[in-house]
Amino acid sequence: MKRLVGVLIGAFVIFGVFGQVVAAQEQELPREETLYVGGGLWSQPNNFNPLIPWSAVTGTIGLIYETLFNYDPLNDKLEPWLAESGRWVSDNVYEVKLREGLTWQDGKPLTAEDVKFTFELHKKYPGLAYHQMWEWLQEVKVIDDRTIQFVFSTPHYEEWKYLLYQIAIVPKHIWQNIDNPVEFANVDNPVGSGPYKLYKTDQMRFILVRNDNWWGIKYFGKPAPKYIVYVIVYSNNLALSMLVKGELDWSNFFIPGVPDVKAQYGIVTWYDEPPYHLPANTAFLFLNTQKPPLDNPEFRRAIAYAINPEEIAARASQNQVTPADPTGLLIQYPAFKKIYNKEAVDKYGFKYDPQKAMEILDKLGFKDVNGDGYREFPDGKPLKLTIIVPFGWTDWMEMIRVISEQLAIVGINVEPKFPDYSKYWDDLTKGNFDMAINNFGSNVVATPWQWFNWVLNQDVTPIGENFYNGNFGRYKNERVAELLELINVEKDENKKLQYYYELQEIFLKDLPYIPIIYNGAWFEASPEHWTNWPTAKNPYAFPISWNGYWQMGGVKVLLNIKPVKAATETTTTEEKTETIVQTVTVTPTETATSSTETGGICGPAILVGLAVVPLLLRRRRS
Amino acid sequence: MMNYLKRKIVIYILTFIFAVTIDFIIPRLMPGDPIAVLLSRFATMPQATQYLHGYFIEAFGLNKPLWEQYITFWKAVLHGDLGISIYFYPKPVAQIIKEALPYDLALLVPSIVASWIVGNWLGAYAGKNRKLDSYLMPVFFFLQASPYFWFAILLAYIFSVKLELFPLSGAYSYGIIPSLSWAFIKDYLHHWVLPFLSLFLVQLGGWAIGMRNMIIYELEADYVRYLEALGSSERTVMRHAFKNAMLPQITGLALQLGLIVAGNVTVQVVFSYPGIGYILMQGILNQDYFLIQGCFLVIILTVLAANFIIDIMYALIDPRIKAAYVEG
């Protein structure tokens, strides 16, 4: 009896897991040819559809599918990728010339037809991410196999620059047979044009294998890692321990204690000294400009003077971030630096000065009437504000604790609150908050317009209705609306600069929001298995592997890193792995189709089935 | 027997309808908007986000009145269609569950069965042997009183962080491809040990305490005295006592099958173990109505099925119940 139970338990363990696994050949990925990356995957990898980039896993665009251009934020250069060149042939026609010898991963040529097809998919299916570009794009013309012309009704020059390195091209011969590209997960066998192919996915990671027939080899060389394993790591501490053990090669996590880790394990970061990282975006303190007293620019200015970003950087992120410029612009990057209005900053900018904050508040009539240490409204009503950030975002939680302490010093009573993420996002987008920290759309981009269009977007809805643009405090200003529109459609760079200058001046005078710190482009790399990582001394690429960043430098990292130990006998194993790729990629198709039929309730079904057994036995006996 | 079955089936169907209705309502009472959460990842294109929000609200049918959603939901459930996950868009919920379920079964079934067997055995032993009892009981109480997640964290801290004997998370190493090879099985078992142990040990305490109390009670019973008076061997006495003590333990097993799901969620979260519990947690954090519904549906079905089996087995094993229903 006992033995039987033992066997049963064993059988359950083994069949439970292996039931769905086809008995393939044993394989462990060769460590010296495999790159382990983490930091940009937060849920099961199960969507490799580049047309829905908000849901596609990181690397879908950039590694499997490619864009016409890549963007290098370090040098502010749109780099031709699938395109050989691109230029405005007239005010409203942009012409792209494709490179010679472009191919898809299945060997078919990539032509102008594919590009036209991709752009027109966005017109046909409103659920695709860039559907709205067709409000100002009129037509995509194929001139010849390698030449495409984009004809615009109203050219949005700034937006277009962004889309050129965001829209991934998909193969017409495959996607024209897909019923609804919005609901297409594309996990079975995604065919792109990129340097890597999908090898395998499971609940915790996905594995890519190098495409040795990549068209780009003759232009850029071959990327070094044969396999890329992109892993989900659920906590920063786990990432740290994996990094120091050499289990993670390239990490884009915020990792506490970077100086110690660097000294002990030789971990590579961008800078050798604080802040160690490049900035990735600006974290703003959003103020609800529709609620008194935050609707008063002078009151907002008082808050700005009362906040000391140095202390926030030190306490919340151990100086791995830097205080933001009063404009909040990412002036470390040339694209932002060239539009930076230094004069306006000198004139209207602010810096930490609690004395001045108190003077402003006194002047506005906010005084402590009841003697509890906090100021009241001029009419004597109690003044109490809240700040929200999502629960569990430890560095932000610390940030708002510091901010509320600092505001208490000047007599403003602020309570930090930590709702769950979904509640936070709901309150933020519906305008049900006083103050909140956010940075989602203030990223490093090719055009500062994009950045401003997030933080100051003027399509404001009334409080209570969802509004997803960065202008969460619903700051309204007609001139800002005009300027955002003008910058987008202006071709003359000088005029554009004047608009940018004016925009910054308004921002500094009106101070709708307070830029706090530059959030880091976290990058830590282990030199144990791979070397020649990009750093400030060797700045060949922006070293981030997050979703949407591969075409901004991630691919270049892969092209430049070098294995510590040269791989042996790569040529002999190559054919073998080819065949495995085949078996592995075919099998999921079958399981996927069968699962939709059975509805995934086999487990309970078996249990119900088991329930019948004793009944049958019983009947036979009587 | 048929009457007994009929009555049971009606009760089970009613329970199912009630549970599924609650399953539908609860996620919708949570504050927040799942589509908005989903699209918050796509912040760089503000206008597009605004537009896509409307599109997907409609696509998921979340713009319809609640009663209409409820009817659609039942129709789909009866067709075995659990919908498309919002968080794991566009993966079907059924497929997500199907992929996660093996990990649950491989963890749950062995831990429940093993803890039940070992716990009953140890409990019976303790009940018989007073000296041993005084050492074992505090251990049992400690185990039984530990919350799953707390015990899991304790094990993780000792065996993974301090002693580095077992890995901290996942179901297998990142660098290995699942296959029927020895290397993989070894790696899998290595990751399986700690989650298994935390479930096994906590449950073990409960079983042992129950069994020990029952055995002590049975050993005081008249039939035992009678057997002793007849001069039966200790072995025979124990066999009879054990048999009688087992009945409540079987009921306990059914109840435990229901309760274990809750414990399993926390254990899987601690070890990032990719079973239903873990998926459910992610679904809840991201307000994925369809994923939450799907996971709960599976849990409801599993619990109902387990209870149903036990009900039937009970009728077969316990002559008193059988008699009551056969006659009535």
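Within every chain, residues take consecutive numbers counted from 1 along the sequence as written. Here every chain gets a letter starting at A, and every ligand a number starting at 1, in the order they are written. Owing to the predicted nature of the model, reporting of local features is limited to residues with pLDDT of at least 70; listing and counting of side-chain atom pairs is limited to 80 or more, with chain, interface and lining totals taken over all residues. In computing side-chain values, all of the structure's heavy atoms are included and hydrogens and water are not.

As recorded by an unreviewed UniProt entry, chain B carries the name Dipeptide ABC transporter, permease protein and is attributed to Pyrococcus furiosus. UniProt positions are given in the numbering used here, feature names are shortened, and annotations may be inferred rather than shown by experiment. Under the heading Sequence similarities (unreviewed entry), UniProt records this for chain B: "Belongs to the binding-protein-dependent transport system permease family."

Naming follows an unreviewed UniProt entry, where chain A appears as Oligopeptide ABC transporter (Oligopeptide-binding protein) of Pyrococcus furiosus.

Focus on helix H12 (residues 354-364) of chain A
Residue and element names in this part refer to chain A. A 1.4 Å probe rolled over the protein chains alone gives each residue an accessible area, and that area as a share of the maximum for its type sets the label: buried under 20%, exposed over 50%, partly exposed in between. Comment: elements are numbered from the N terminus, with helices defined as DSSP H or I runs of at least four residues and strands as E runs of at least two. All buried positions along H12 are accounted for by Ala357, Ile360 and Leu361. Around the axis of H12, the buried residues are gathered within 95° of arc, so they sit on the same side. In what follows, residue pairs with any heavy atoms lying within 4.5 Å of each other are defined as contacts. Where H12 is buried, its residues meet helix H8 (297-306). Where H12 terminates, the next one or two residues include Gly365, which has phi positive at roughly 90°. Arc definition: it is the arc formed by the directions from the helix axis to the C-beta atoms.

Describing the confidence of the model for chain A
All names here are of chain A. Counting all residues, the mean pLDDT for chain A is 86, and 87% of those residues have values of 70 or more. Every residue in residues 18-26 scores below 50 in pLDDT, and together they form 19 contacts with partners more than four places removed in sequence or on other chains. Note: pLDDT gives the predictor's confidence per residue, expressed from 0 to 100. Throughout residues 568-622 the model reports pLDDT below 50, and contacts reaching past four residues in sequence, or to other chains, amount to 52 contacts.

Here's the deal with the pattern of salt bridges
Residue and element names in this part refer to chain A. Any Lys or Arg side-chain nitrogen located within 4 Å of an Asp or Glu carboxyl oxygen qualifies as a salt bridge. Scanning the model with the defined rule gives 33 salt bridges over all chains in all. Of the charged contacts in the structure, one is a salt bridge between Arg87 and Glu95, with a shortest N-O distance of 3.7 Å. Classification of Glu95 by relative accessible area gives buried; the value is 16%. The partner of Glu502 in a salt bridge is Arg479, with the nearest N and O atoms 2.7 Å apart. Placement of the pair is Glu502 in helix H17 (residues 493-510) and Arg479 in helix H16 (residues 478-489), with a sequence separation of 23 residues. Residue Glu502 is classed as partly exposed on the basis of its relative accessible area, which comes to 27%. Of the residues examined, Arg479 reaches a relative accessible area of 28% and is grouped as partly exposed.

Concerning the pairing of strand S7 (residues 147-152) of chain A
Residues and elements named next belong to chain A. For S7, a buried count of six out of six residues is recorded, marking the element as mostly surrounded by other parts of the structure. Of the two faces of S7, the one carrying Thr147, Gln149 and Val151 and the one carrying Ile148, Phe150 and Phe152 are both buried. Bridge count between strand S5 (residues 93-98) and S7: five bridges; the pairing is antiparallel. Each bridged residue has a counterpart across the sheet, and for Glu95 the counterpart in S7 is Gln149. In short, DSSP must find at least two bridges between two strands for them to pair. Sheet analysis places strand S6 (residues 137-144) next to S7, joined by six bridges and oriented antiparallel. By the bridge assignment for S7, Val140 is matched with Phe150. Connecting the antiparallel pair S6 and S7 is a turn made up of two residues.

Things to note about the UniProt feature "domain: Solute-binding protein family" (unreviewed entry) in chain A
Here the UniProt feature "domain: Solute-binding protein family" (unreviewed entry) sits at residues 77-455 of chain A. Secondary structure within residues 77-455 of chain A divides into 32% helix and 20% strand; the distance between the first and last C-alpha atoms comes to 24 Å.

Looking at the sheet that holds strand S8 (residues 196-202) of chain A
Ordered by their spatial adjacency, six strands build an open sheet running S8-S9-S10-S1-S11-S18 (chain A), and the pairing between neighbours is mixed. Either end of the sheet is taken by a strand with one partner, and the two such strands are S8 and strand S18 (524-525) of chain A.

Focus: the domain arrangement of chain A
Residue and element names in this part refer to chain A. Domain ranges listed in this record stem from an automatic or a database domain assignment. Partitioning chain A into domains gives domain 1 (29-271 + 521-562) and domain 2 (278-518). The gap between the C-alpha centroids of domain 1 and domain 2 is 32 Å. Contacts between the two partners involve 30 residues from domain 1, matched on the other side by 25 residues from domain 2. Buried area is a sum: the accessible area each of two parts loses on coming together, probed at 1.4 Å, counted once for each and added. Carbon and sulfur atoms make up 59% of the surface buried where domain 1 meets domain 2, a total of about 2300 Å² over both sides. Taken together, the connections running from domain 1 to domain 2 amount to three salt bridges. The residue Asp91 makes a salt bridge to Lys491 at a minimum N-O spacing of 3.6 Å. Here a polar contact means two N or O atoms within 3.5 Å. Within protein one must be a hydrogen donor candidate and the other an acceptor candidate, and residues neighboring in sequence count only if both atoms are side-chain atoms. Joining domain 1 to domain 2, the criterion identifies twelve residue pairs in polar contact (both at pLDDT 80 or more). With five residues, the top contributor of residues to the side of domain 1 that touches domain 2 is helix H3 (residues 157-164). Taken together, the residues that form the side of domain 1 that touches domain 2 break down as 21 nonpolar, four polar and five charged. Asp, Glu, Lys and Arg are counted as charged, while Ala, Val, Leu, Ile, Met, Phe, Trp, Tyr, Cys and Pro are counted as nonpolar; the rest, among them Gly, fall into the polar class.

Quick word on the side chain of Ser545(A)
Residues and elements named next belong to chain A. Relative to the assigned elements, Ser545 resides in the loop between strand S19 (530-531) and helix H18 (554-560). Classification of Ser545 as buried rests on a relative accessible area of 0%. A distance of 2.7 Å separates polar atoms of two side chains, one belonging to Ser545 and the other to Asn252.

Observations concerning the environment of Gly411(A)
Residue and element names in this part refer to chain A. With respect to the helices, strands and loops of the structure, Gly411 is situated in the loop between helix H13 (394-409) and strand S15 (414-417). Gly411 gets classed as buried once you look at its relative accessible area, which sits at 5%. For the pair formed by Gly411 and Trp530, sequence separation is 119 residues and the distance between their alpha carbons is 53 Å. With residues near it in sequence (within four places) discarded, Gly411 still touches Gly373, Tyr374 and Arg375.

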